[in-house]
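Overview (structure and organization)
One-letter residues, chain by chain:
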Amino acid sequence: MKQYVFGLFLGTLFLVGCQETQNKMEHKYTNALVEETSPYLLQHAHNPVDWNAWKPEVLERAKAENKPILISIGYAACHWCHVMEEECFENEEVAKLMNENFINIKIDREERPDVDQIYMDAIQMMTGNGGWPLNIVALPDGRPFWGATYLPKDNWTKSLKSLIDLYHNDPEKVQEYAGKLEQGIQAINLVENKTSKIHFTKEELDLAVQNWSTSFDTYLGGYKRAPKFMMPNNLEYLLHYATANKNDTILEYVNTTLTRMAYGGIFDPIDGGFSRYAVDVKWHVPHFEKMLYDNGQLISLYSKAYAVTKNSLYKETVEKSVGFATLELLDTNGGFYSSLDADSKNNSGKLEEGAYYVWTEKELDSILGSESSVFKTYYNINSYGYWEEDKYVLIRDASDNELADSLGIATTNLTQQIAKNLKQLKKVRGQREKPRLDDKILTSWNGLMLKGLTDAYRYLQNDKYLQLALKNANFLEQEIIQDDFSVYRNHKNGKSSINGFLDDYATLIDGFIGLYEVTFDDRWLTLAKNLTDYAITHFKDQESNMFYYTSDLDDKLIRRSIETNDNVISASNSIMANNLYKLHKVYMKEPYGEIASAMINNVQDNFIKSAQGFSNWMHLISYQQNNFYEIAIVGEAYKEIGRELGKEYIPNSILVATKDDQSPIELLQNRHVPGETLIYVCIEGSCKLPVTSSGEVLKQL
């Protein structure tokens, strides 16, 4: 028996050895990135460059060998990252130069946004611009002294040779510059603790929106510039502001933007889902990668806009976007993957941006036959929809009713034909090679998707969306959240390896609050509270009351960042402040309200001049100016009434409910009357007389 087991052991060793030999035969080069799980890092695992992941031991090796660090940051869906890899990092001559003179580190910015933030600030200070790939050369201690984005091979090698010469022949100059740059990196991150409480007035809020509106493109939507990013947090706040203040002009701008985005080439009419941004002013030609974070936020935004307007286009956009995320990004475990690449293989087998999505007129005629004429009118297969080299990106510029009138056909007939044609194109497109998938699961992006699904269920009342949300929430609870309520940043193939950052906590908390409001399951609200308490303990700055991006348990970087500016994703601090404000309404004995007030006080000086960059913060100002309601439902019909109220757009409220007196939520206790379902509208725990229908609640509001 022992001989048999030993024989099996030797056989296993032999098979493993054969596999390693086979791998070496398949790949001429293999570096340390082969041990990572990030698809972006794995894409570079067989470059001749001796890449390493960002790890303390790698930084220590740089110090021991007195070599500068070459840090290259990107992400899997990044087109120019792929181009630079092909031109530079797959070139043996370039790799030799890099390997001999630098400690080379590759970073997936989506896994390590803490590192990316610091070096992005550095390159913007050095050059005035930023982007990816982000390439930095730093001292062995990590302080940067040079940076660039994409560079072609000749420029790259010329730059590296100059830097090598400078590092060895004029080290004092390098040290001096790195020191000054470090001071600048530290300085732009400071947040002053403003103890004098100044409440932002309604007049100031109106002025902030008025100043902001000068940049609005009121015809094509978005802003008067290209490229055009969708900026969901901007539009969500403007929707809130317009409805709270009955401002039809701002509401019209929001509707124009949402309509143009849904009509544009930036939205995929075949499989659904939005691309990251448009390179032009009319939302036509996208940068073709599809990101989970965009689609999660836009599902939420369009769901709320549907609640306000009942515009069927918005409902269809939500349905198709959820369909895309479910079809392309959903893991069997309930987590959502990160993105689809911008590039895919064309008919010649070469990677090309947008190859999966675009059409020639000849293809459309061949596929659609006699129906192609109407379809080509509908999607502007003309000069308006032309991209390049006989290729078109589908784009609408009119409603179904308008087009049906111009074509002289019934609207229902037009709608049915277009739906049929899109299915025909879907079948043909299914034969093309799909864009590459980044199948890592990121916590913060899943938090955004969880919120999107809860809002889609809340406002569209589709039970499938709630089941998706619950599946996602259960995955996050089981695989991402640990026993002490710390969270992981990432997950892939059953493994999580990076501690969570503030946005991971903030978006999860927001998602769980939203899930509670549609299920009234105390478990989700309790989980949101526990995550909040952990974040306060390990992320909060005691002096400013703001939250650091990294935990006090993480390895030290050049600085501990504090993220305050809302961008394509809202700042982690603004999401956290909104969470704290809402949780304060339920857990009134906790210090959540005081912390949220201090946070908003620290940043409100920015609103009048920079509303676009602080839009998610400004919800808090509107809450203060228009009252924020706790709506409490107690009784047998709590779920039915909660669902009725939930579909109404009432941003300045939190919805809590229970069947009886057993809820741990103080607001719901001692309010149960047998045989009745009572609804209480409260402000800071002080409630009006109870009513029995959702209609009466809306009157009280």
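These remarks concern the structure in this document. The model shown is predicted, which means the values in this text are computed figures rather than measured ones.

Examining the nonpolar core
Core analysis: the largest hydrophobic core is formed by 183 residues, its most contacted members being Trp156, Phe512, Phe547 and Trp617. If one sorts the elements of this core by residue count, helix α20 (residues 502-519) sits on top with ten residues. If sequence neighbours within four positions are ignored, Trp156 has contacts with Leu70, Met84, Cys88, Phe89, Val94, Met98, Asn135, Trp146 and Leu151. Among the nonpolar cores identified, the runner-up in size contains 22 residues, and Ile69, Ile105, Met120 and Ala122 belong to it.

Here we look at the side chain of Thr443
Structurally, the position occupied by Thr443 is in helix α18 (residues 443-460). Among the residues examined, Thr443 registers a relative accessible area of 1% and is labelled buried. When sequence neighbours within four positions are dropped, the list of residues in contact with Thr443 reads Ile480, Tyr488, Arg489, Asn490, Asp504, Thr507 and Leu508.

Some details on the pattern of salt bridges
If you walk through the whole model with that rule in mind, you get 45 salt bridges. Notably, a salt bridge pairs Glu36 with Lys55, separated by 3.2 Å at the nearest N-O pair. With a gap of 19 residues between them, Glu36 in the loop between α1 (2-26) and α2 (39-43) and Lys55 in the loop between β1 (51-52) and α3 (56-65) connect regions that are remote in the sequence. Glu36 sits in the buried class, given a relative accessible area of 19%.

Some details on the pairing of strand β19 (residues 629-634)
Burial analysis of β19 places six of its six residues in the buried class, which makes it a mostly covered element. Along β19, one buried face is formed by Tyr629, Ile631 and Ile633 and the opposite face, lined by Glu630, Ala632 and Val634, is buried too. With six bridges joining them, β19 and strand β20 (residues 653-658) adopt parallel strand pairing. Across the sheet, Ile633 pairs through a bridge with Ala657, a residue of β20. Handedness of the β-α-β unit built from β19, helix α26 (residues 638-646) and β20 comes out right-handed. For β19 and strand β21 (residues 678-683), the ladder comprises five bridges, and the chain directions are antiparallel. When the sheet's bridge partners are listed, Ile633 is paired in β21 with Ile679.

Focus: the environment of Ser399
In this fold, Ser399 is placed in the loop between β15 (391-392) and α16 (400-407). For Ser399, a relative accessible area of 22% gives the class partly exposed. Measuring from C-alpha to C-alpha, the distance between Ser399 and Thr411 comes to 9.8 Å, with twelve residues separating the pair along the chain.

Details of the sheet that holds strand β8 (residues 286-287)
Neighbouring strands of a sheet are bound in pairs by backbone hydrogen bonds; such pairs are parallel or else antiparallel. As summarised here, the arrangement of the three strands in space is β6-β7-β8, forming an open sheet in which the pairing is antiparallel. Each of the sheet's edge strands pairs with one partner strand only, and the pair in question is β6 (228-229) and β8. Two strands pair when backbone bridges link them, and β6 and strand β7 (residues 277-278) are joined in this way by two bridges, in the antiparallel orientation. In the strand pairing of β7, Phe229 is matched with Tyr277.

As for helix α19 (residues 463-480)
Compared with the 26 Å implied by 1.5 Å per residue over 18 residues, the 25 Å span of α19 between its first and last C-alpha is a close match. For α19, every residue scored as buried is listed here: Tyr465, Leu466, Leu468, Ala469, Asn472, Ala473, Phe475, Leu476 and Ile480. Of the residues that open α19, the one with a side-chain oxygen 2.9 Å from the backbone nitrogen of Lys464 is Asn462.

Examining the packing of aromatic side chains
Tallied over the entire structure, the rule returns 33 aromatic pairs. With a centroid separation of 5.6 Å and an interplanar angle of 5°, the aromatic rings of Tyr505 and Tyr534 are classed as stacked. Remark: Tyr534 occurs in helix α21 (residues 522-539) and Tyr505 occurs in helix α20; sequence separation between them is 29 residues. Both residues of the pair, Tyr505 and Tyr534, belong to the buried class.

Quick word on the layout of surface pockets
Taken as a whole, the largest pocket encloses approximately 1500 Å³ of empty space. Looking at the largest pocket, it is lined by 47 residues, and the ones nearest its centre are Arg109, Met120, Trp132, Glu563 and Asn567. Looking at the lining of the largest pocket, the elements that each hand over two or more residues are α4 (79-89), α6 (113-127), α18 and α23 (592-603). Per-element tally for the lining of the largest pocket: the top contributor is α6, with six residues. Grouping the amino acids of the lining of the largest pocket by side-chain chemistry returns 20 nonpolar, 16 polar and eleven charged.

Quick word on empty space enclosed by the protein
Applying the stated criterion across every chain yields a total of six cavities of 30 Å³ or more. As a volume, the largest cavity reaches approximately 600 Å³. Lining the largest cavity are 33 residues; nearest its centre among them are Glu236, Lys304, Lys451, Asp510 and Lys582. Among the secondary structure elements, those contributing two or more residues to the lining of the largest cavity are α10 (232-244), α12 (292-309), α18, α20, α22 (572-586) and α25 (618-626). For the lining of the largest cavity, the leading source of residues is α18, giving eight residues. By residue class, the composition of the lining of the largest cavity is ten nonpolar, 15 polar and eight charged. If you add up the space inside the second largest cavity, you get close to 130 Å³. For the lining of the second largest cavity, the per-class residue count stands at ten nonpolar, two polar and three charged.

Remarks on the packing of helix α9 (residues 202-213) against α25
The N-to-C vectors of α9 and α25 enclose an angle of 145°; their axes lie 11 Å apart at closest approach. The hand of the α9/α25 crossing is left-handed. Each of Lys202, Leu205, Ala208 and Val209 in α9 lies in contact with α25, whose residues at this interface are Met618, Ile621, Ser622 and Gln625. Across the contact of α9 with α25, the residue classes break down as five nonpolar, two polar and one charged.

Here we look at the state of the cysteines
As used here, a disulfide is simply a covalent bond connecting the sulfur atoms of two cysteines. Summed over all chains, the structure comprises two disulfides. With its sulfur 2.3 Å from that of its partner, Cys78 forms a disulfide with Cys81. In this structure, the disulfide formed by Cys78 and Cys81 twists by about 80° around the S-S bond and is classed as right-handed. Across the disulfide from Cys682 sits Cys687; the S-S distance is 2.0 Å. On the sign convention where negative is left-handed, the bridge of Cys682 and Cys687, at about 95° about the S-S bond, is right-handed. Assessed through its relative accessible area of 0%, Cys682 is described here as buried. When the bonded cysteines of the protein are numbered from the N-terminus onward, they pair as 1-2, 3-4. The cysteine Cys88 is free of any disulfide, with Cys81 supplying the nearest cysteine sulfur at 12 Å.

So, how was this worked out
Residues numbered from 1 in each chain as written. Predicted model: local features only at pLDDT ≥ 70, side-chain atom pairs only at ≥ 80, totals over all residues. Heavy atoms only, no water. Core = buried A, V, L, I, M, F, W, Y, C linked by side-chain atoms within 4.5 Å. Buried < 20%, exposed > 50% of the residue type's maximum accessible area, 1.4 Å probe, protein only. Helix = DSSP H or I, 4+ residues; strand = E, 2+ residues; numbered from the N terminus. Contact = heavy atoms within 4.5 Å. Salt bridge = Lys/Arg side-chain N within 4 Å of Asp/Glu carboxyl O. Pairing = 2+ DSSP bridges. Right-handed = clockwise from strand over helix to strand, strands pointing away. Expected span 1.5 Å × (residues − 1). Polar contact = N/O pair within 3.5 Å; in protein donor to acceptor, adjacent residues only side chain to side chain. Phe/Tyr/Trp six-rings, centres within 6.5 Å; stacked < 30°, edge-to-face > 60°. 1 Å grid on protein atoms, 1.4 Å probe; cavity = no way out; pocket = protein on both sides within 12 Å on 5 of 7 lines; lining within 4 Å. Points joined across faces, edges and corners; volume = space filled by probe spheres on them. Nonpolar A, V, L, I, M, F, W, Y, C, P; charged D, E, K, R; others polar. Axes fitted to C-alpha atoms, helices over the stretch in contact; angles between N-to-C directions. Left-handed = near helix turned anticlockwise from the far one by under 90°. Disulfide = S-S within 2.5 Å.

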